[in-house]
2 protein chains.
Amino acid sequence: MTHSLFDTDAPHGEPSRLTAFTGNRLDRDAEHRTEDSLGQALALGGATILAFSGNRLLLKENEGTLDPLFDREELEPLLPDLAGAILLGMRQDGSPRLAVPVQRAAEELSLLFRLTDPRSALRDGLVAEEVLGEVAQAVSLLHWNDANRFCGKCGTRTESRLAGYKRICPACAHMMFPRTDPVVIMLTVDEARDRVLLGRGHHFTPGMYSALAGFVEPAETIEDAVRRETREESGIVTGRVRYHASQPWPMPHSLMIGCYAEALSEDIRIDTQELEDCRWFSRAEVVAMLAADPAGEGPSAPLRGAIAHRLLRDWAEWRR
Amino acid sequence: MTHSLFDTDAPHGEPSRLTAFTGNRLDRDAEHRTEDSLGQALALGGATILAFSGNRLLLKENEGTLDPLFDREELEPLLPDLAGAILLGMRQDGSPRLAVPVQRAAEELSLLFRLTDPRSALRDGLVAEEVLGEVAQAVSLLHWNDANRFCGKCGTRTESRLAGYKRICPACAHMMFPRTDPVVIMLTVDEARDRVLLGRGHHFTPGMYSALAGFVEPAETIEDAVRRETREESGIVTGRVRYHASQPWPMPHSLMIGCYAEALSEDIRIDTQELEDCRWFSRAEVVAMLAADPAGEGPSAPLRGAIAHRLLRDWAEWRR
């Protein structure tokens, strides 16, 4: 029996697939976007469109079902901003899927449609997993385009290019590309005492505890970011780091990098600026949290679909 | 013998430590930067400074040695831009290390100092590993600050805050934070035929072949980015993905995420826009490349210190 580099002792082969916002199956063909991609896609028959008011997706309510897909004609009365349109990619049948911001007032739109941001769409299960991944892609790009309407180098108004994936400054030729912010999120494991470190931010829902997290700093490895953030927020020293899964987190455009960290110390010193509480949880407590009603009394785990949930559940289910 | 989550079959425990630009040992204390951090650091005795002209580090040449460290007094004649100064972090002895852009003309500076960008400093071994990591941090932040001198939302001139880690717009209150671009770089492995996939970009040094790479797209997992980039550039379909190591790459502010990808197909279809060549290399060829003189005739591996070198070498050394 040959040993494979890709064998793993983890309970699931690719845990990234089990997190939310990862259902996107569009062919992005990222290497071949051109200035004509958007026009060609809009001209193709069968183009389907996700429509946004700011970062909120428009859903058509039809006899109790919610439908996020618009065609060109349905979009017209909503005042689409086609110069700000984004080609998300091609569907398996060869038809394009786009994201288009609309300019009609949000108050008017809310009389005609249900409006939802990505977090609410996830929590309330408003769209299919595949569409939820496309919404994440759309919101990340819409937010980035909106935050770069003027050139950071010279202050001139910029223009969208490459179907929404590039902006250029007509004055100084500065080019801007979409931004993705890497964030480490880590479950620190004390293997000798069979327990894990969890914290509560000040704005968490009551009772919920999660893995610690923070932005990767400029010029830092993933492993160093995990150890630094853990030490800064909890005072706990960690050693070895094991990557486990990643997840897009479109609030507005993060890449969550989920890891396990090996605890080398015990005494917690909470950074009260960042955390309201931080403590060790035994295996039995974690199992209870994963089964708990989030609206109940005791501590609860993060939402199923969140990468922190995945880290906790996979630790509890690990083959040993 | 208890099984640990942190045991690995890889030839090195934390391969990220073996890549270049990772020697930074400063205490960044990222969670506690304030408006006063920079002033306090500059007022402290013993502050040492890395000085930059654009993205180039100034090195003092003293009797054949190169010294990158300036004190406040040495900096004065170089016209330091203290409003653009960055607190990199604290050294073990409690003294601060800063990065300061200087405004004296580059032509004048080049008569007094040796000027070097991060890539040349790595290639020519001009500074110690620890300083090289600090230079990576400094260049990433200097570049980001320079690219955001005007507000992307309203075009107003922005101001530096939090010792160089935040910019704010005095007109619309928009806040900007440092940018790090995640890039996947992957060695695709055909385990059945014991070979790996390598390509040559159009601007590579003659004979050099490397792992394929590309930016993570908005709202994409690391694993999906690996499979998409491999398919787009080479036509090769991949399955399982294994994270191996990460590396800061300050040209200008990328985070390289190094993975192995499991080949599921054989026939290469080169994207000639991206690659000049792409082919399979046997184990014997890889071993020869790792030992080859980069200036010689045959194919050679990327620079020692580059994460692509690490991926190749560790595959060759893997315990089987």
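Quick caveat: nothing in here was measured; it's all calculated off a predicted structure. (Residues numbered from 1 in each chain as written. Chains lettered and ligands numbered in written order. Predicted model: local features only at pLDDT ≥ 70, side-chain atom pairs only at ≥ 80, totals over all residues. Heavy atoms only, no water.)

(A) Focus on the overall build of chain A. Across its full length, chain A carries eight helices and 16 strands. Relative to the 2.2 N^0.38 estimate, which gives 20 Å for 320 residues, the radius of gyration of chain A is 22 Å and therefore close to what a compact globule would have. Burial status across chain A gives 58% buried among its 320 residues. Counted over contacts in chain A with a minimum sequence separation of 6, partners at least 24 positions apart contribute 64%. (Helix = DSSP H or I, 4+ residues; strand = E, 2+ residues; numbered from the N terminus. Rg over C-alpha atoms; globule rule 2.2 N^0.38 Å. Buried < 20%, exposed > 50% of the residue type's maximum accessible area, 1.4 Å probe, protein only. Contact = heavy atoms within 4.5 Å.)

(B) Representation of the packing of helix α7 (residues 283-291) of chain A against helix α8 (residues 307-317) of chain A within the structure. Residue and element names in this part refer to chain A. Between α7 and α8, the least distance of the axes is 10 Å, while the angle of their chain directions is 125°. Relative to α8, α7 is oriented oblique. You can see that α7 and α8 cross each other, and the crossing is left-handed. Between α7 and α8, the residues in contact are Arg 283, Val 286, Val 287 and Leu 290 and His 309, Leu 312, Arg 313, Trp 315 and Ala 316, respectively. Across the contact of α7 with α8, the residue classes tally to six nonpolar, one polar and two charged. (Axes fitted to C-alpha atoms, helices over the stretch in contact; angles between N-to-C directions. Parallel < 35°, antiparallel > 145°, perpendicular 65-115°, else oblique. Left-handed = near helix turned anticlockwise from the far one by under 90°. Nonpolar A, V, L, I, M, F, W, Y, C, P; charged D, E, K, R; others polar.)

(C) Molecular detail of the interface of chain A and chain B. Residue-level contacts link 75 residues of chain A with 75 residues of chain B. Roughly 6,300 Å² is buried in total at the junction of chain A and chain B, and carbon and sulfur atoms are behind 51% of that figure. For chain A, the biggest contributors to the area lost against chain B are Leu 5, Phe 6 and Glu 31 of chain A; these three give 14% of the whole. The tally of links from chain A across to chain B stands at ten salt bridges. Between Glu 217 of chain B and Arg 33 of chain A there is a salt bridge; the shortest N-O distance is 2.8 Å. Where chain A meets chain B, there are 47 residue pairs in polar contact (both at pLDDT 80 or more). (Buried area = accessible area lost by both parts, 1.4 Å probe. Salt bridge = Lys/Arg side-chain N within 4 Å of Asp/Glu carboxyl O. Polar contact = N/O pair within 3.5 Å; in protein donor to acceptor, adjacent residues only side chain to side chain.)

(D) Representation of the relation of the copies chain A and chain B in the model. Mapping chain A onto chain B leaves a residual RMSD of 0.0 Å; the transformation is a rotation of 180° accompanied by 0.0 Å of translation along its axis. Classification of the inter-copy transformation places it as that of a two-fold axis. Measuring from the rotation axis to each C-alpha of chain A, the shortest distance belongs to Gly 155 of chain A, at 2.2 Å. When you check the interface residues of chain A against chain B, 100% turn up at the interface there too, and the contact is symmetric in its surfaces. (Least-squares fit on C-alpha atoms with pLDDT ≥ 70 in both.)

(E) Local environment of the pairing of strand β13 (residues 212-215) of chain B. Residue and element names in this part refer to chain B. Residues Leu 212 and Gly 214 of β13 are buried on one face, while the alternating residues Ala 213 and Phe 215, pointing to the opposite face, are not. Note: strand β11 (residues 181-190) against β13, four bridges, orientation antiparallel. Across the sheet, the residue bridging to Val 184 is Gly 214, located in β13. (Pairing = 2+ DSSP bridges.)

(F) View of the packing of aromatic side chains. Tallied over the entire structure, the rule returns nine aromatic pairs over all chains. The interplanar angle of 80° and the centroid separation of 5.7 Å between the aromatic rings of Phe 21 of chain A and Trp 249 of chain A together place this pair among those described as edge-to-face. One end of the pair, Phe 21 of chain A, is in the segment before α1 (37-43); the other, Trp 249 of chain A, is in strand β14 (residues 238-249), and 228 residues separate them in sequence. A single burial state applies to Phe 21 of chain A and to Trp 249 of chain A, both of which are buried. If you follow Lys 60 of chain B out to its NZ or CZ, it ends over the ring of Phe 70 of chain B, 5.0 Å from the centre. Residue placement shows Arg 279 of chain B over the ring face of Tyr 209 of chain B; its charged tip is 5.7 Å from the ring centre. (Phe/Tyr/Trp six-rings, centres within 6.5 Å; stacked < 30°, edge-to-face > 60°. Lys NZ or Arg CZ within 6 Å of the ring centre and 35° of its normal.)

(G) The arrangement of the sheet that holds strand β9 (residues 166-168) of chain A in detail. Residues and elements named next belong to chain A. With respect to topology, three strands assemble into an open sheet ordered β8-β9-β10, the strand pairing being antiparallel. Looking at which strands have only one partner, the edges of the open sheet turn out to be β8 (159-161) and β10 (175-176). By the bridge criterion, two bridges tie β9 to β10 in an arrangement that is antiparallel. Each residue of the ladder has a partner; that of Ile 168, found in β10, is Met 175.

(H) Structural detail: helix α5 (residues 129-146) of chain A. Taking 1.5 Å per residue as the helical rise, α5 of chain A with its 18 residues ought to reach 26 Å, and the 26 Å between its terminal C-alpha atoms agrees with that figure. Burial runs high along α5 of chain A: 14 of the 18 residues are buried. (Expected span 1.5 Å × (residues − 1).)

(I) Expanded view of the pattern of salt bridges. Evaluated as defined, the whole model comprises 62 salt bridges over all chains. Arg 195 of chain A is paired through a salt bridge with Asp 190 of chain A; the nearest N and O atoms lie 2.9 Å apart. For the residue pair Arg 195 of chain A and Asp 190 of chain A, the accessibility class agrees, reading buried in each case. In this structure, Arg 228 of chain A engages Glu 229 of chain A in a salt bridge whose closest nitrogen and oxygen atoms are separated by 3.1 Å. Comparing Arg 228 of chain A with Glu 229 of chain A shows no difference in burial state: the two are buried. Salt bridges sharing common partners tie together Glu 14 and Arg 17 of chain A together with Asp 224 and Arg 227 of chain B.

(J) Inspection of the sheet that holds strand β9 (residues 166-168) of chain B at higher detail. The antiparallel open sheet is built from three strands, whose spatial order is β8-β9-β10 (chain B). Strands with a single pairing partner mark the edges of an open sheet, and in this sheet they are β8 (159-161) and β10 (175-176) of chain B.

(K) Looking closely at the side chain of Arg 195 of chain A. Residues and elements named next belong to chain A. Along the chain, Arg 195 falls in strand β12 (residues 195-201). Residue class for Arg 195 comes out buried when judged on its relative accessible area of 16%. Looking at Arg 195, its side chain comes within polar contact range of the side chain of Glu 266, at 3.2 Å. Look past the residues within four positions of Arg 195 in its chain and what remains in contact with it is Thr 188, Val 189, Asp 190, Glu 266, Trp 280, Phe 281, Ser 282 and Trp 315.

(L) Looking closely at the confidence of the model for chain A. For chain A, per-residue confidence averages 95 on the pLDDT scale, and 99% of positions sit at 70 or higher. Across the assembled chains, the prediction reports ipTM 0.97 with pTM 0.97. (pLDDT = per-residue confidence, 0-100.)

(M) Structural view of the side chain of His 244 of chain A. Residues and elements named next belong to chain A. With respect to the helices, strands and loops of the structure, His 244 is situated in strand β14. Only 2.8 Å separates the side chain of His 244 from the side chain of Asp 314, close enough to count as a polar contact. For His 244, the residues in contact, after removing those within four places along its chain, are Ala 10, Pro 15, Gly 258, Cys 259, Tyr 260, Leu 311, Asp 314 and Trp 318.

(N) Structural view of unusual backbone geometry. All names here are of chain A. Of note, the amide linkage connecting Met 251 to Pro 252 takes the cis form, showing an omega dihedral of 0°. Positionally, Pro 252 belongs in the loop between β14 and β15 (254-263). At Phe 21, a residue that is not glycine, the phi angle is positive and equals roughly 70°. The exposure class assigned to Phe 21 is buried, which follows from its relative accessible area of 0%.

(O) Local environment of the environment of Gly 199 of chain B. All names here are of chain B. Considering the arrangement of structural elements, one finds Gly 199 in strand β12 (residues 195-201). The buried category is assigned to Gly 199, whose relative accessible area is 3%. Distance in space between the C-alpha atoms of Gly 199 and Pro 80 is 43 Å, their sequence separation being 119 residues.

(P) The environment of Cys 151 of chain A, seen in detail. Residues and elements named next belong to chain A. Along the chain, Cys 151 falls in the loop between α5 and β8. The class of Cys 151 is buried, set by a relative accessible area of 0%. Each C-alpha atom, one on Cys 151 and one on Leu 42, is 27 Å from the other, the two residues being 109 residues apart in sequence.

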